[in-house]
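These are the residues of each chain, in order.
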Amino acid sequence: ELKVEQNPLFLSMQEGKNYTIYCNYSTTSDRLYWYRQDPGKSLESLFVLLSNGAVKQEGRLMASLDTKARLSTLHITAAVHDLSATYFCAVKRTQGGSEKLVFGKGTKLTVNP
Amino acid sequence: DTAVSQTPKYLVTQMGNDKSIKCEQNLGHDTMYWYKQDSKKFLKIMFSYNNKELIINETVPNRFSPKSPDKAHLNLHINSLELGDSAVYFCASSHLGRSHNEQFFGPGTRLTVL
């Protein structure tokens with residue numbers, strides 16, 4: 001069974017600082033997603049990582065994927081308050097011809113002024 | 001607007017009642033999903049339909065019955081509601097076979113069972 005672990009689950013950081021969220025998964029997969037969820041809102045897709053060594057950047061967020069280590073990271077550079085949200089990684093699992101996403105428990109990020 | 005929409009946004013009901021949540025997508029996707037997000041924000045897939053055919057059915061009580069009248073709609077009917085059914089239910093859609101197969105989520109339906 002595919003397990004997806006994120007850490008930390010809670011992250012409180014100051015504006016201007018850098019930090020990394022980690023996502024480990026237990027079985028081989030060729031696709032990993034990062035989503036953002038604001039309180040009381042839906043999930044917004046941030047990144048889709050398709051291959052080993054993939055790196056994607058959008059603003060202050062950068063995501064990378066190491067399929068051999070089964071590890072993805074979401075790096076936050078010079079955090080600002082607007083980045084406060086819960087971030088989920090999700091790993092694709094193929095099952096009998098269908099695909100599903102298995103989500104990590106989420107990392108609740110609070111950026112303090 | 002192209003999107004995944006759900007109704008209702010909030011649903012408050014008594015134990016034992018039956019209720020339905022509706023989902024529609026106009027993204028031209030062929031696959032739709034139902035997820036449950038519990039009070040600890042943990043997201044778990046419940047069902048998936050591809051071209052109106054059920055392809056994923058996780059371990060969900062049979063009080064939950066999805067129905068897909070066409071590719072653009074996936075409804076969720078819940079019988080005999082229990083306290084533990086209180087959660088936020090998200091519908092999502094994607095297109096199987098596309099390299100990204102990115103799932104787009106609806107706004108969620110917050111179900112409260114009293």
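Structure: above.
If you're wondering where the values come from, they're calculated on a predicted model, not measured in any experiment.

J.: So, the overall build of chain A: which residues are in play, and what are the values?
T.: Within chain A one finds 0 helices and 11 strands. From first element to last, N terminus to C terminus, chain A shows the α and β order β-β-β-β-β-β-β-β-β-β-β. In terms of C-alpha radius of gyration, chain A reaches 14 Å, essentially the compact-globule figure of 13 Å for 113 residues. Dimensions along the principal axes, computed over C-alpha positions, put chain A at roughly 50 × 30 × 20 Å. In chain A, which comprises 113 residues, the share counted as buried stands at 46%. The long-range share in chain A, meaning contacts at least 24 apart out of those at least 6 apart in sequence, stands at 54%. The distance from the centre of the 14 positive side-chain charges to the centre of the 10 negative ones in chain A is 4 Å.

J.: Before we move on, can you summarise the environment of Gly-108 of chain B with the specific residues and values?
T.: Residue and element names in this part refer to chain B. Among the secondary structure elements, Gly-108 is positioned in the loop between β10 (104–105) and β11 (109–113). The sequence separation of Gly-108 and Pro-8 amounts to 100 residues, and the corresponding C-alpha distance is 8.6 Å. Setting aside anything within four residues of it in sequence, one finds Gly-108 in contact with Gln-6, Pro-8, Lys-9, Val-88, Tyr-89 and Phe-90.

J.: Tell me about the state of the cysteines, residues and numbers included.
T.: Residue and element names in this part refer to chain A. Tallied over the full model, the rule gives 2 disulfides over all chains. Across the disulfide, Cys-23 is cross-linked to Cys-89 (sulfur-sulfur distance 2.0 Å). Its S-S torsion of approximately 80° makes the covalent link between Cys-23 and Cys-89 right-handed. Of this pair, Cys-23 sits in strand β3 (residues 19–25) while Cys-89 sits in strand β9 (residues 85–95), and the two are 66 residues apart along the sequence.

J.: Give me the lowdown on the pattern of salt bridges, citing residues and values where you can.
T.: All names here are of chain A. Considering all chains together, one arrives at 8 salt bridges over all chains under this definition. A salt bridge links Lys-92 to Asp-30, with the nearest nitrogen and oxygen atoms 2.8 Å apart. On the criterion of sequence distance, the pair formed by Lys-92 in strand β9 and Asp-30 in the loop between β3 and β4 (32–37) is long-range, its members being 62 residues apart.

J.: Residues and numbers for the sheet that holds strand β1 (residues 4–7) of chain B, please.
T.: Residues and elements named next belong to chain B. In space, the 4 strands of this open sheet follow the order β1-β3-β8-β7, with antiparallel pairing throughout. Each of the sheet's edge strands pairs with one partner strand only, and the pair in question is β1 and β7 (64–70). Across the sheet, the axes of successive neighbouring strands diverge by a mean angle of 20°, strand direction being ignored. Across 4 bridges, β1 lies against strand β3 (residues 19–25) in antiparallel orientation. By the bridge assignment for β3, Ser-5 is matched with Glu-24.

J.: Would you mind going over the interface of chain A and chain B in detail, with residue names and values included?
T.: Counting from both sides, the interface comprises 20 residues of chain A and, opposite them, 21 residues of chain B. For the chain A face of the interface with chain B, the top three residues by lost area are Glu-99, Lys-100 and Phe-103 of chain A, together amounting to 26%. Between the two partners, chain A and chain B, sit 1 salt bridge. Residue Lys-100 of chain A pairs with Glu-58 of chain B through a salt bridge whose shortest N-O separation is 2.9 Å. At the junction of chain A and chain B, the tally comes to 5 residue pairs in polar contact (both at pLDDT 80 or more). Within the residue set of the side of chain A that touches chain B, elements represented by two or more residues are β4, β5 (43–49), β9 and β10 (98–103) of chain A. Of the residues belonging to the side of chain A that touches chain B, the class tally is 8 nonpolar, 6 polar and 6 charged.

J.: So what's going on with the pairing of strand β9 (residues 87–94) of chain B? Which residues, and what values?
T.: Residues and elements named next belong to chain B. The element β9 is largely enclosed, with a buried count of 8 among its 8 residues. The two faces of β9 match: Ala-87, Tyr-89, Cys-91 and Ser-93 on one face and Val-88, Phe-90, Ala-92 and Ser-94 on the other face are all buried. Looking at chain direction, strand β4 (residues 31–37) and β9 are connected through 7 bridges and run antiparallel. Bridge pairing in β9 links Thr-31 to Ser-94. By the bridge criterion, 3 bridges tie β9 to β11 in an arrangement that is antiparallel. In the strand pairing of β11, Ala-87 is matched with Leu-111.

J.: Outline the nonpolar core, listing residues and values.
T.: As a rule of thumb, soluble globular proteins bury nonpolar side chains together. By size, the foremost hydrophobic cluster in this structure holds 26 residues, and its most contacted members are Val-4, Leu-32, Trp-34, Leu-74, Ile-76, Tyr-87 and Leu-109 of chain A. Residue assignment for this core shows that the elements contributing at least two residues are β2 (10–14), β3, β4, β5, β7 (61–66), β8 (71–76), β9 and β11 (107–112) of chain A. Broken down by element, the residue count for this core peaks at 4 residues, all from β9 of chain A. Of all hydrophobic cores here, the second largest spans 19 residues; its members include Ile-78, Tyr-89, Cys-91 and Val-113 of chain B.

Here is what the cut-offs are and how they apply
- The written sequence of each chain sets the order in which its residues are numbered from 1.
- Just so you know, chain letters begin at A and ligand numbers begin at 1, following the order they were written in.
- Local features in a predicted model are, by the rule used here, given only for residues with pLDDT of at least 70; side-chain atom pairs are given and counted only at 80 or more, and totals for whole chains, interfaces and linings are based on all residues.
- By convention in this description, side-chain values take in all heavy atoms of the structure and omit both hydrogens and water.
- Only DSSP runs of H or I with at least four residues qualify as helices, and only runs of E with at least two residues qualify as strands; both kinds are numbered from the N terminus onward.
- The quantity called the radius of gyration is restricted to C-alpha atoms. Its globule counterpart is 2.2 Å times the number of residues to the power 0.38.
- Burial here depends on accessible area, computed with a 1.4 Å probe over protein chains only, as a share of the maximum for the residue type. Under 20% is buried, over 50% is exposed, and the range in between is partly exposed.
- Contacts: residue pairs with any heavy atoms within 4.5 Å of one another.
- Asp and Glu are treated as the negative residues and Lys and Arg as the positive ones, with His and the ends of the chain left uncounted.
- Note that the charge is assigned to NZ on lysines, CZ on arginines, CG on aspartates and CD on glutamates.
- By disulfide we mean two sulfur atoms from cysteines, separated by a distance within 2.5 Å.
- By definition here, a salt bridge exists when the distance from a side-chain nitrogen of Lys or Arg to a carboxyl oxygen of Asp or Glu is within 4 Å.
- Think of it this way: DSSP has to see at least two bridges between two strands before they count as a pair.
- Fitted lines through C-alpha atoms give the axes, limited to the stretch in contact for helices. The angle between two N-to-C directions lies from 0 to 180 degrees.
- Put simply, buried area is how much 1.4 Å-probe accessible surface two parts lose in total, over both of them, once they are put together.
- Polar contacts, as counted here, are pairs of nitrogen or oxygen atoms within 3.5 Å of one another; within protein the pair requires one atom able to donate a hydrogen and one able to accept it, and residues that are adjacent in sequence qualify only if both atoms are side-chain atoms.
- Throughout this entry, Asp, Glu, Lys and Arg are counted as charged residues, while Ala, Val, Leu, Ile, Met, Phe, Trp, Tyr, Cys and Pro are counted as nonpolar. The remaining residues, Gly among them, count as polar.
- Nonpolar core, defined: a set of buried Ala, Val, Leu, Ile, Met, Phe, Trp, Tyr and Cys residues in which side-chain atoms within 4.5 Å join the residues together.

Just geometry here; none of it tells us what the structure is for.
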